[in-house]
Amino acid sequence: MNPQAKLVCTTSLILGSTITLSSNHWVMAWAGLEINTLAILPLIAKSHHPRSIEAATKYFLVQAAASALILFSSMINAWHTGQWDITQLTCPTSCLVLTAAIAMKLGLAPFHFWFPEVLQGSSLITGLLLSTAMKFPPITLFFMTSQSLNPTPLITMAILSAALGGWMGLNQTQTRKILAFSSISHLGWMTIILVYSPKLALLNFYLYVLLTAAVFLTLNSTKTLSLSALMTTWTKTPALSAMLMLTLLSLAGLPPLTGFLPKWLIIQELTKQSMAPAATIMALLSLLSLFFYLRLAYCATITLPPHSTNHMKQWHTNKSVNPLVAILISASLTLLPISPMILTIV
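Just so you know, the residues in each chain are numbered from 1, in the order the chain's sequence is written. Per-residue local features are limited, in this predicted model, to residues with pLDDT of at least 70; the limit for side-chain atom pairs, both in listing and counting, is 80 or more; totals at the level of whole chains, interfaces and linings are taken over all residues. In computing side-chain values, all of the structure's heavy atoms are included and hydrogens and water are not.

**Structural notes on the overall build of the protein**
So, step 1. The number of helices and strands found in the protein is 17 helices and zero strands.
So, step 2. Against the globule reference of 20 Å for 346 residues, the protein gives a C-alpha radius of gyration of 20 Å, in line with a compact fold.
So, step 3. Here the C-alpha coordinates of the protein stretch approximately 70 × 50 × 35 Å along the principal axes.
So, step 4. Put simply, the protein has 346 residues, and 53% of those count as buried. Secondary structure follows DSSP: runs of H or I at least 4 residues long count as helices, runs of E at least 2 residues long count as strands, and numbering of each begins at the N terminus. Restricting the calculation to C-alpha atoms gives the radius of gyration, and the globule rule supplies 2.2 Å times the number of residues raised to the power 0.38. Exposure classes here rest on a 1.4 Å probe applied to the protein chains alone. A residue is buried below 20% of its type maximum, exposed above 50%, and partly exposed in between.

**Here we look at the UniProt feature "domain: NADH:quinone oxidoreductase/Mrp antiporter transmembrane" (unreviewed entry) in the protein**
So, step 1. UniProt positions are given in the numbering used here, feature names are shortened, and annotations may be inferred rather than shown by experiment. Those residues carrying the UniProt feature "domain: NADH:quinone oxidoreductase/Mrp antiporter transmembrane" (unreviewed entry) are residues 23–288 in this numbering.
So, step 2. Span residues 23–288 is 76% helix and 0% strand, its end C-alpha atoms 38 Å apart.

**Description of the pattern of salt bridges**
So, step 1. Within this document, salt bridges are pairs made up of a side-chain nitrogen of Lys or Arg and a carboxyl oxygen of Asp or Glu, the two lying within 4 Å of each other. Following the criterion strictly, the structure yields two salt bridges and no others.
So, step 2. The partner of Glu117 in a salt bridge is Lys177, and the shortest N-O contact between them spans 3.4 Å. Of this pair, Glu117 sits in helix 5 (residues 114–120) while Lys177 sits in helix 9 (residues 175–193), placing them 60 residues apart in sequence.
So, step 3. For Lys177, a relative accessible area of 18% gives the class buried.

**Focus: the domain arrangement of the protein**
So, step 1. Domain annotation for the protein reports domain 1 (1–106) and domain 2 (150–308 + 319–345).
So, step 2. The distance between the C-alpha centroids of domain 1 and domain 2 comes to 26 Å.
So, step 3. Taken together, the contact between domain 1 and domain 2 spans four residues of the former and four residues of the latter.
So, step 4. Accessible surface is computed with a 1.4 Å probe, and the buried area is the amount of it that two parts give up when combined, taken over both parts together. Between domain 1 and domain 2, a total of about 350 Å² is buried, with carbon and sulfur atoms accounting for 84% of that surface.
So, step 5. Ranking the residues of domain 1 by area buried against domain 2 places Leu96, Thr99 and Leu106 at the top, with a combined share of 75%.
So, step 6. Under this definition, polar contacts are N or O atom pairs within 3.5 Å; protein pairs additionally need one hydrogen-donor-capable and one acceptor-capable atom, and for neighbouring residues in sequence, both atoms have to be side-chain atoms. Put simply, domain 1 and domain 2 have zero residue pairs in polar contact (both at pLDDT 80 or more) between them.
So, step 7. Tallied by class, residues from the side of domain 1 that touches domain 2 come to three nonpolar, one polar and no charged. Annotation comment: domain bounds sourced from an automatic or database domain assignment. Whether two residues touch is decided by their heavy atoms; if any such pair falls within 4.5 Å, the residues are in contact. Each residue receives one of three labels: charged for Asp, Glu, Lys and Arg, nonpolar for Ala, Val, Leu, Ile, Met, Phe, Trp, Tyr, Cys and Pro, and polar for the others, Gly being one of them.

**Points about helix 13 (residues 238–252)**
So, step 1. Here helix 13 contains 15 residues, and its C-alpha end-to-end distance of 21 Å stays within 8% of the 21 Å for a straight helix at 1.5 Å per residue.
So, step 2. Listed as buried for helix 13 are Leu240, Ser241, Leu244, Thr247, Leu248, Leu249, Ser250, Leu251 and Ala252.
So, step 3. Where helix 13 terminates, the next one or two residues include Gly253, which has phi positive at roughly 95°. What a helix should span is 1.5 Å times the count of its residues minus one.

**Topic: the UniProt feature "transmembrane region" (unreviewed entry) in the protein**
So, step 1. Cross-referencing UniProt, the feature "transmembrane region" (unreviewed entry) maps to residues 57–80, 113–134, 154–171, 178–196, 202–219, 240–261, 281–304 and 324–345 in the present numbering.
So, step 2. Measuring from the first to the last C-alpha atom of residues 113–134 gives 17 Å, for a span that is 68% helix and 0% strand.
So, step 3. Taken end to end, residues 178–196 is 84% helix and 0% strand, and its two terminal C-alpha atoms sit 29 Å from one another.

**A look at the nonpolar core**
So, step 1. Residues Ile40, Ile44, Tyr59, Leu130, Phe142, Ile192 and Leu230 are the most contacted members of the largest nonpolar core, which totals 103 residues.
So, step 2. Broken down by element, this core gets its largest block of residues, 15 residues, from helix 10 (residues 198–222).
So, step 3. Residue-level mapping places this core at the junction of two domains, with at least three residues from each of domain 1 (1–106) and domain 2 (150–308 + 319–345).
So, step 4. In contact with Ile192, other than residues within four places in its own chain, are Ile155, Ala158, Ile159, Ile266, Leu270, Ala278 and Met282. What is meant by a nonpolar core is a set of buried Ala, Val, Leu, Ile, Met, Phe, Trp, Tyr and Cys residues, joined one to another through side-chain atoms within 4.5 Å.

**A look at the environment of Ala201**
So, step 1. Residue position: Ala201 is located in helix 10.
So, step 2. When the C-alpha positions of Ala201 and Ile266 are compared, they lie 8.3 Å apart, and in sequence the two are 65 residues distant.
So, step 3. Aside from chain neighbours lying at most four places away, what touches Ala201 is Met190, Ile193 and Leu194.

**Quick word on the packing of aromatic side chains**
For any pair of aromatic rings, geometry is given as the distance between the ring centres together with the angle between the planes.
So, step 1. Two rings from Phe, Tyr or Trp (for Trp, the six-membered ring) form a pair when their centres sit within 6.5 Å of each other. Planes less than 30 degrees apart are called stacked, planes more than 60 degrees apart edge-to-face, and all others tilted. Scanning the entire structure with this criterion turns up eight aromatic pairs.
So, step 2. It is Lys135 that lies over the ring of Phe115; its NZ or CZ is 3.9 Å from the centre.
So, step 3. In this structure, Lys263 is placed above the aromatic ring of Trp189, and the distance from its NZ or CZ to the ring centre is 5.2 Å. The criterion for a charge sitting over a ring is simple: Lys NZ or Arg CZ within 6 Å of the ring centre, and within 35 degrees of the ring normal.

**Here we look at the state of the cysteines**
So, step 1. Cysteine sulfurs are considered disulfide-paired once they come within 2.5 Å of each other. Taken as a whole and assessed by the stated rule, the structure comprises zero disulfides.
So, step 2. Between Cys91, a free cysteine, and Cys95, which holds the nearest cysteine sulfur, the sulfur-to-sulfur gap is 7.0 Å.
So, step 3. Accessibility expressed as a relative area gives 5% for Cys95, which makes it buried.

**Structural notes on the packing of helix 1 (residues 3–22) against helix 7 (residues 136–145)**
So, step 1. Viewed as axis vectors pointing N to C, helix 1 and helix 7 meet at an angle of 0°, and their least axial separation amounts to 9 Å. By the angle class used here, helix 1 and helix 7 are roughly parallel. Where helix 1 approaches helix 7, its residues Ser17, Thr20 and Leu21 are matched on the opposing element by Phe136, Pro137, Thr140 and Leu141.
So, step 2. Across the contact of helix 1 with helix 7, the residue classes break down as four nonpolar, three polar and no charged. Structural elements are reduced to axes, namely lines fitted to C-alpha atoms, with helices fitted over the stretch in contact, and the angle between N-to-C directions of any two is expressed from 0 to 180 degrees. Any angle that falls under 35 degrees is termed roughly parallel, while one over 145 is termed roughly antiparallel, one within 65 to 115 roughly perpendicular, and all others oblique.

**A word on helix 4 (residues 92–106)**
So, step 1. An ideal rise of 1.5 Å per residue puts 21 Å on 15 residues; helix 4 measures up with 21 Å between its terminal C-alpha atoms.
So, step 2. Most of helix 4 is tucked away: 11 of the 15 residues are buried.
So, step 3. Those residues of helix 4 not exposed but buried are Ser94, Cys95, Val97, Leu98, Thr99, Ala101, Ile102, Ala103, Met104, Lys105 and Leu106.
So, step 4. Turning to helix 4, the residues buried within the fold contact helix 2 (26–44), helix 3 (50–81), helix 5, helix 7, helix 8 (151–168) and helix 9.
So, step 5. Directly after helix 4, the chain includes Gly107, whose backbone phi takes a positive value near 90°.

Written as structure tokens, this is what we have:
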């Protein structure tokens, strides 16, 4: 891709996100989301492969529909209240439409079908952007309107997301699709706590971004797109493969790793809110996700590959690991002991 075009796309992504994050007016927030959508499309379609073009088309259609619903929701609210302020969302109909629109933007179940397909058609770095940076503006809108939203559809979508994200990821062999279903499952955890503790939902999002970035960048540095390729990475980069295994276990939420912190706090908060059944269901559904994380970790470090693999052999190189990957992996594994300090900051 042309460096100038890449610069324009990256700048537009930052600009669109900044506009949405800093706006109080619905039309400005909508404009920021539109800039974001248009900026990421060339990055998805840059390889000119039919799958990439298909992914870009699907992404455009879904995001355009979601943006139209956001505008529709804000117009209904303005019609009823005379307010265009994001925090003054009081009309129940517009709250429901907004919930559906942002769920579509994020890829929450039952609006999740586009996300694995789009991620599979993108490169790993574009997939990282779609899984993290592109979810930040919609999550922020959820955060700003959390006091007005109806908890019933949010809890329903959260449990559905955790169930489908875990269940549909079980039989996948492509790493990008597995990470897409992992993202859907994590979004369920963020959504269920959003109304009761928005700050905890944001903390969960930050830690999810940290862990997902570590996994995506590790897979990108080893050029791993499928489980069969993952089985041979230990011969090239044994240390990185071992760290990838631990990062995946952290993403699964196993103690004493960083990923355990948000799950622990969310279950604690749900129990305080007299929602023990919902907390129990979420904890049980996380076992589904745990299975495919363990499968990935097993492929990364414990399996010996067959002698006749059906992918291109790669040279063993003593290439040094990107410092950013090292920092992200370290944070993904060691933040749990300083959780009291993190909670005071948040």
